[in-house]
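# Structural overview
Each chain is listed here by its residues.
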Amino acid sequence: MTENFTGSFTQQEPIPEAGIAAANAVMQHGRLHRYNTVDGEIAEAALLEEEFAASTGAQFCLAVASGGYAMTTALRACGVQHGDQVLTNAFTLAPVPGAIAAVGGVPIYVGVTEDLVIDLDDLAGKLDQAKVLLLSHMRGHICDMRRLMAMCNAAGVTVIEDCAHTMGAQWDGVPSGRWGKFGCYSTQTYKHINSGEGGLLISDDAEGMARAIMLSGSYMLFERHRAAPPAETFAQIKYETPNISGRMDNLRAAILRPQLRDLATQAARWNARYTAVEAGLVDTPGLRLITRPSAEGYVASSFQFLLLDWSAPAVADVIMRCAQRGVELKWFGGAEPAGFTSRYDSWRYAPSTPMPATDRILAGIIDMRLPLTFDLDDCAQIARIIRAEVSAVFQAQT
Ligand SMILES: *Cc1c(COP(=O)(O)O)cnc(C)c1O
């Protein structure tokens, strides 16, 4: 008898009771705008920034409307202007090249390795083409950050980290988001903490963060922030920086603060699910697991594996057979962008040159969400189904 999985790959856990209570309190007092406070009151948004800065060790933090907004703000605060080239990953999601396009920049794509991180050898040959690298820790895979930072520092390239999939993660003991000039996070529903939409930006750079705060639409109320540079830093910047409204409101901040307190616990639960799927897929013929170096402290919220050098019809067959058994897999190699997956050459607003080594890997990447609503038995069952279907198609091929 064949078993089928019946869970939903898009169902997240409910907002914790403490978050619901805090959200209710904000709705009852009605002061949802972050600068709408009564005497002595500290806005939820300002408290969230203070707490997120403390949790990452960053000096400064800004809460904004989305992860994409955090990235465009970081790019603007780093001085990226219309027509400037910006290095970024070929393996990432559409909001990343979209953020570069939003500021008038032109993405220069850097390849991906078989371990799904940015190809540092490819990067080395392209560092002279841009002043900024928007580095996406795509699907939570973190490259050798010491080597990357040494290369970028030597070349005078500023690093902005897209940490949409690495909240709470670290490389060699240093949190993801703390290596570059800015770390950008998303609090959208499918990320590690959930306010529907939302974003966070961290930095130790006082001038950069003062610009980011002005850009976000602080008016002249920046002194109400609690994780901001001192007022002196704004002396000139407040006149020179446009207001490109994209603040976070107190309702979202209220929902997020209790989730931030639970982040370490949730990270351990996510990783237990990742490990359960991984254990079930070890030594599956034709399937390559992703190696995770010991320096990488990841926080999984999804799972990837490679069907490297498989024919497109065989990959499509695996995806269809798994779907029939209730296991939703996404394929990064598809010619047409579908759902959340897409490839660098489908972003036609940004020119790209063919990258054969990267195309080979993209053509084999299979991606799966792992929401916390799955338990460990679910994960073991999902792995059994994938193993059986990959093995069946692989044997038929050879
Ligand atoms: C979700 C995501 C973003 C952007 O986050 P939004 O809050 O949806 O704007 C950026 N980069 C990656 C890799 C993402 O998955």
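Before reading on, note that the structure itself is shown above.
Quick caveat, the model's predicted, so the values are computed rather than measured.

Inspection of every chain in the model, using the stated rule, returns 11 aromatic pairs. Between Tyr-109 and Trp-347 the ring centres are 6.0 Å apart and the planes differ by 40 degrees, which places this aromatic pair in the tilted class. Pair noted here: Tyr-109 is in strand β3 (residues 106-110) and Trp-347 is in the loop between β13 (330-331) and α12 (356-362), with a separation of 238 residues, a long-range link. Looking at Tyr-109, the relative accessible area reads 5%, which means it is buried. A relative accessible area of 6% means that Trp-347 is categorised as buried. Here the aromatic rings of Tyr-274 and Tyr-298 are separated by 5.1 Å at their centres, their planes lie at 55 degrees, and the arrangement is tilted. A residue pair is termed long-range when its members are at least 10 positions apart, and Tyr-274 in helix α10 (residues 263-281) and Tyr-298 in the loop between β11 (296-297) and β12 (302-306) qualify at 24 residues.

Take the packing of helix α1 (residues 17-29) against helix α9 (residues 250-261) next. Across the interface, α1 lies against α9 with an axial gap of 7 Å and an inter-helix angle of 155 degrees. With respect to each other, α1 and α9 are oriented roughly antiparallel. Judged by the twist between their axes, the crossing of α1 over α9 is right-handed. From α1, Ala-18, Gly-19, Ala-22, Ala-23, Val-26 and Met-27 reach across to α9, where they touch Asn-250, Leu-251, Ala-254, Ile-255 and Pro-258. Taken together, the residues of the contact of α1 with α9 break down into 9 nonpolar, 2 polar and no charged.

A word on the sheet that holds strand β10 (residues 288-289). Pairing within the open sheet is antiparallel, and its 4 strands lie in the order β10-β12-β14-β13. Both edges of this open sheet fall to β10 and β13, since each of them pairs with a single strand only. In this structure, β12 lies alongside strand β14 (residues 365-369), joined through 5 bridges in antiparallel fashion. Within β14, the position partnered with Gln-304 by the bridge is Asp-367. Packing against the sheet, α10 makes contact with β10, β12 and β14, and its axis sits at approximately 25 degrees to β12.

Scoring rules and cut-offs
- The numbers attached to residues start from 1 for each chain and follow its sequence in the written order.
- Residues qualify for local features only when their pLDDT is at least 70, as the model is predicted, and side-chain atom pairs are given and counted only at 80 or more; totals for whole chains, interfaces and linings, by contrast, use all residues.
- The side-chain numbers reported here are obtained from all heavy atoms of the structure, hydrogens and water having been left aside.
- To pair, rings of Phe, Tyr and Trp, with the six-membered ring standing in for Trp, must have centres within 6.5 Å; the planes then decide the type, stacked if under 30 degrees apart, edge-to-face if over 60, and tilted in the middle.
- Strands here are runs of E lasting at least two residues and helices are runs of H or I lasting at least four, both read from the DSSP assignment and numbered beginning at the N terminus.
- Relative accessibility thresholds used throughout: buried, under 20% of the residue-type maximum; exposed, over 50%; partly exposed, between the two (1.4 Å probe, protein chains only).
- Note on method: axes are straight lines fitted to C-alpha atoms, helices fitted across the in-contact stretch only, with angles between N-to-C directions ranging 0 to 180 degrees.
- Each angle gets one of four labels, with under 35 degrees taken as roughly parallel, over 145 as roughly antiparallel, 65 to 115 as roughly perpendicular, and the rest as oblique.
- Here a crossing is taken to be left-handed if its near helix is turned anticlockwise relative to the far helix by less than a right angle, and right-handed if that turn runs clockwise.
- Two residues form a contact once any of their heavy atoms are found within 4.5 Å.
- When residues are grouped by polarity, Ala, Val, Leu, Ile, Met, Phe, Trp, Tyr, Cys and Pro land in nonpolar, Asp, Glu, Lys and Arg in charged, and all others, Gly among them, in polar.
- Strand pairing follows a simple DSSP-based rule, namely that at least 2 bridges must link the two strands.

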